[in-house]
Amino acid sequence: MSLFQDFIRSLLILISTPEIWNIAGLSLIVSVTAVLFSTLIGIPTGLIMGLRQQHKRSRTLLVAILNTGMGLPPVLVGLVVYLLLTRQGPLGSFQILFTPLAMILAQMILTLPIIIGITRSTIQDMPDELPEMLESLGGTPDQIYWELIWEARSGLIIAIIVALGRAFSEVGAILIVGGNIRYSTRVLTTAIITEISMGQRPTALALGILLLAISFVLTSIMTTLQLRSKS
Amino acid sequence: MIGILLISGISYGIYISTTHTSGNEVFLSTTTSVQNTGLLDYLITHFEQNHNLQVKYTAVGSGAAIQLARDGEVDAVLVHAPNLEFKLIADGFSDQRHTLWYNYFVIAGPASDPANITTTTTASEAFTHIYEAGRAGKATFYSRGDQSGTNIKEEMIWNQTGYTINPKAPWYYATGTGMAATLFTADNDPRGYCLTDVGTFTKLKAGSPPLQKEALFNHDDLLYNPYSYLIINASRTHTSLNTAGAITFLNYLTDPATTKLVSNYKVGNFTLFNPINSTEG
């Protein structure tokens, strides 16, 4: 059971190392920021798509594309964002490759289809007569949209939980566009890769547990909100 | 509204704190072995104590590291792929190759040595034994398969054997992963052999849990493994690079006090990298 003892020792050393909290902090900042932007863009987009859906049934292709987007391969997204941001690429003049901004951009692309997709499906599943009823009550389009979002909030929170989970645990894209640079773009997932390649499996395992613990806290907060929104 | 302001604030903060301020930061791309062994982090920590210059690097394997240099992303490279380095100079991306350290590649395999390579005298003969044992179903070979310095060295040795490798051969596996991952994959196979730099091998031998493989063959000049530092020409990449910073870091790396740190950087009593200092144009 020496692996277990090594693991416990690694866990204790880890949580007393300031560098780990910087790494965990960056993981949180990158994922949460990416999902915030995705939510701001994705909820209105999903809302509109969900409402149109009720009138037109010929949108199978669009929805199929959107649903494929929910499972975008992170390494492909990483490569495409790399090619966009490389200094000779179309967005090269911003010089943000190998910075947290590039990582946020990649994770936004990964999480946006999830937010749009789940929002669309939640809105579509609401009773068809709800928008008309709101309209007949004299609501302006703005009020109707807010009311629909409010009614759909439970599903929308699920969308955010799924997106956060995807972003926080993702490694392929941020490794390519962030470069896993120590004190700069190293996050929990890429730190685990580094520790494995240095032969430090107990440390890697301890980092994994830390990742899972933070993920649990984050998801618990969102779940509390989601369950409350149902009552 | 508050949310949007908050987000703008956060992103602006991140932008400010992360934008390349080329005056006080050097960015390198490197082979994975200098990271996996911990040497580069050790040297950078020491460097930053005495210099007002930050050194950052991304460890990606020599082939990818040199591609980043060609893309104009990095100020310098620290790699071990001499042929790619000469090509980089020939293409005008760098003027000089500063060889800083060397060690050896070793052929790692199971202690039982089913291909019987410990009795051989050259790397080419050892690979021939692996090839023949492979065809007989007694051994397997794990290639990096990723155009890294190690992968290029494997191909060089296969060329010398006169055999052409069929990549679909049932005993030949191209992992397409880094040195450590390839070693762990080979380690899982009791018949598995692979070529590795001695630094990564020794580090993983002392890892937790330790690697089972043994270093079975290392005595051939062909297995010489030099690590070189090349500063990239901004005039060729047409990007803004911190050449002055790259030179400052080079001066530190070739400083006698630093080479002493390198020769004292050991796992057990084994020196992972031996300093030399030679410059070729």
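Here the structure is a predicted model, which means the values were calculated and not measured.

Turning to the overall build of chain B, a few remarks are in order. Scanning chain B from terminus to terminus reveals 12 helices and 12 strands. Taken over C-alpha atoms, the radius of gyration comes to 21 Å for chain B, in line with the 19 Å a tight globule of 281 residues would show. On the principal axes, the C-alpha backbone points of chain B span a range of 65 × 50 × 40 Å. By residue count, 44% of the 281 residues in chain B fall in the buried class. Of the contacts formed within chain B by residues at least 6 apart in sequence, a portion of 76% connects residues at least 24 apart.

If you tally the helices and strands in chain A, you get 11 helices and 0 strands. Going residue by residue from the N terminus, the α and β elements of chain A occur as α-α-α-α-α-α-α-α-α-α-α. Once the C-alpha set of chain A is aligned to its principal axes, its extents read approximately 65 × 50 × 25 Å. The buried share of chain A, reckoned over its 231 residues, is 43%. Pairs at least 24 apart in sequence give 79% of the contacts found in chain A among residues at least 6 apart.

So, on to helix α3 (residues 39-50) of chain B. Along its 12 residues, α3(B) runs 18 Å from first to last C-alpha, staying within 8% of the 16 Å computed at 1.5 Å per residue. Summarising the contacts, the buried residues of α3(B) are in contact with β1 (25-30), α2 (32-36), β2 (54-59) and α11 (243-254) of chain B.

Another aspect to go through is the interface of chain B and chain A. Across the contact, 27 residues belong to chain B and 27 residues belong to chain A. Only α1 (2-18), α2, β2, α8 (179-187) and α9 (198-205) of chain B provide two or more residues apiece to the side of chain B that touches chain A. The element that contributes the greatest number of residues to the side of chain B that touches chain A is α1(B), accounting for 6 residues. Across the side of chain B that touches chain A, the residue classes tally to 9 nonpolar, 13 polar and 5 charged.

All right, on to unusual backbone geometry then. Residues and elements named next belong to chain B. The omega torsion of the bond from S208 to P209 falls at -5°, within 30 degrees of zero and hence cis. Relative to the elements of secondary structure, P209 occurs in the loop between α9 and β8 (214-217). Residues other than glycine seldom take positive phi values, yet N116 does so here, at roughly 55°. As for its placement among the helices and strands, N116 is situated in the loop between β4 (97-109) and α6 (123-135).

Do not read the predicted coordinates in detail wherever pLDDT is low. Across chain B, the average pLDDT comes to 92, with 91% of residues at 70 or higher. Looking across chain B, the model is least confident in α1(B), with a mean pLDDT of 56, and most confident in strand β3 (residues 76-79) of chain B, with 98.

Glancing now at the domain arrangement of chain B. Residues and elements named next belong to chain B. Taken as a whole, chain B is organised into domain 1 (22-102 + 225-280) and domain 2 (104-223). Of note, the centres of domain 1 and domain 2, computed from C-alpha atoms alone, are 26 Å apart. The interface is formed by 18 residues belonging to domain 1 together with 17 residues belonging to domain 2. Every element with two or more residues in the side of domain 1 that touches domain 2 is listed here: α2 and α4 (62-70). By residue number, the principal contributor to the side of domain 1 that touches domain 2 is α2, which donates 3 residues.

A few words on the environment of B:F86. Residue position: B:F86 is located in helix α5 (residues 82-90). Note: C-alpha distance between B:F86 and B:E280 (194 residues apart in sequence) is 9.5 Å.

Right, let's get into the packing of helix α6 (residues 129-136) of chain A against helix α7 (residues 141-151) of chain A. Residue and element names in this part refer to chain A. Two elements in contact, α6 and α7, have axes whose closest approach is 10 Å; the angle formed by their N-to-C orientations is 135°. The angle between α6 and α7 places the two elements in the oblique class. Considering the relative orientation of α6 and α7, their crossing is right-handed. In this structure, α6 uses L130, P131, L134 and E135 to contact α7, whose residues at the interface are I144, E147, L148 and E151. Per-class residue counts for the contact of α6 with α7 are 5 nonpolar, no polar and 3 charged.

Another point: the environment of A:S27. Residue and element names in this part refer to chain A. Relative to the helices and strands, S27 resides in helix α2 (residues 18-55). Counting along the chain gives 162 residues from S27 to T189, while the straight-line C-alpha distance between them is 8.3 Å. Discounting chain neighbours no more than four positions away, the residues touching S27 are F168, V187 and L188.

A:V81, A:A102, A:A106, A:V177, B:I130 and B:L183 are the most contacted members of the largest nonpolar core, which has 91 residues in total. Looking at this core, the element that brings in the most residues is helix α5 (residues 100-124) of chain A, giving 15 residues. Residue contacts for A:V81: discarding those within four places in its chain leaves A:A102, A:L105, A:A106, A:I109, A:A173 and A:V177. B:V77, B:L88, B:Y229 and B:L230 belong to the second largest nonpolar core, which has 39 residues in total.

Once that is clear, we can look at the packing of α6(B) against helix α7 (residues 149-161) of chain B. Residue and element names in this part refer to chain B. With their axes 8 Å apart at the nearest point, α6 and α7 run at an angle of 80° to one another. If you check the angle between α6 and α7, you find them roughly perpendicular. Between α6 and α7, the residues in contact are A123, S124, F127, T128 and Y131 and I157, W158, Q160 and T161, respectively. Here the residues of the contact of α6 with α7 are counted per class, giving 5 nonpolar, 4 polar and no charged.

What follows concerns the pairing of strand β7 (residues 192-197) of chain B. All names here are of chain B. Taken across its 6 residues, β7 has 6 buried, putting it largely inside the fold. The side-chain alternation of β7 yields two buried faces, one formed by G192, C194 and T196 and the other by Y193, L195 and D197. As paired strands, β4 and β7 are joined by 4 bridges and run antiparallel to one another. Each bridged residue has a counterpart across the sheet, and for A108 the counterpart in β7 is C194.

About the cut-offs
- Every residue gets a number counted from 1 within its own chain, in the order that chain's sequence is written.
- The lettering of chains begins at A and the numbering of ligands begins at 1, in the order of writing.
- It should be noted that, the model being predicted, local features are given only for residues of pLDDT at least 70 and side-chain atom pairs only at 80 or more, the latter also being counted only at that level, while totals for whole chains, interfaces and linings use all residues.
- Runs of E in the DSSP output that reach at least two residues are strands. Runs of H or I that reach at least four are helices, and both are numbered from the N terminus.
- With C-alpha atoms as the basis for the radius of gyration, the globule rule is written as 2.2 Å multiplied by the number of residues raised to the power 0.38.
- Between the buried cut of 20 or more and the exposed cut of 12 or fewer other C-beta atoms within 10 Å of a residue's own C-beta lies the partly exposed class, and all C-beta atoms are placed from the backbone.
- Residue pairs are scored as contacts if the distance between their C-beta atoms, which are placed from the backbone, is within 7 Å.
- Working rule for helices: expected span equals 1.5 Å times residues minus one.
- In the scheme used here, Gly and all other residues not listed as nonpolar or charged are polar, with Ala, Val, Leu, Ile, Met, Phe, Trp, Tyr, Cys and Pro taken as nonpolar and Asp, Glu, Lys and Arg as charged.
- pLDDT is a per-residue confidence score from the predictor, ranging from 0 to 100.
- Residue ranges for the domains trace back to a domain assignment, done automatically or taken from a database.
- The axes used here are C-alpha line fits, helices contributing only the stretch in contact, and every angle between their N-to-C directions lies in the interval 0 to 180 degrees.
- Orientation categories follow fixed angle ranges, with anything under 35 degrees roughly parallel, anything over 145 roughly antiparallel, 65 to 115 roughly perpendicular, and all other angles oblique.
- Crossing handedness: left-handed means the near helix sits turned counterclockwise from the far one by under a right angle, and right-handed means the same turn made clockwise.
- Note on definitions: a nonpolar core is a set of buried residues drawn from Ala, Val, Leu, Ile, Met, Phe, Trp, Tyr and Cys, linked by C-beta atoms within 7 Å.
- One requirement defines pairing of two strands: DSSP has to find at least two bridges between them.

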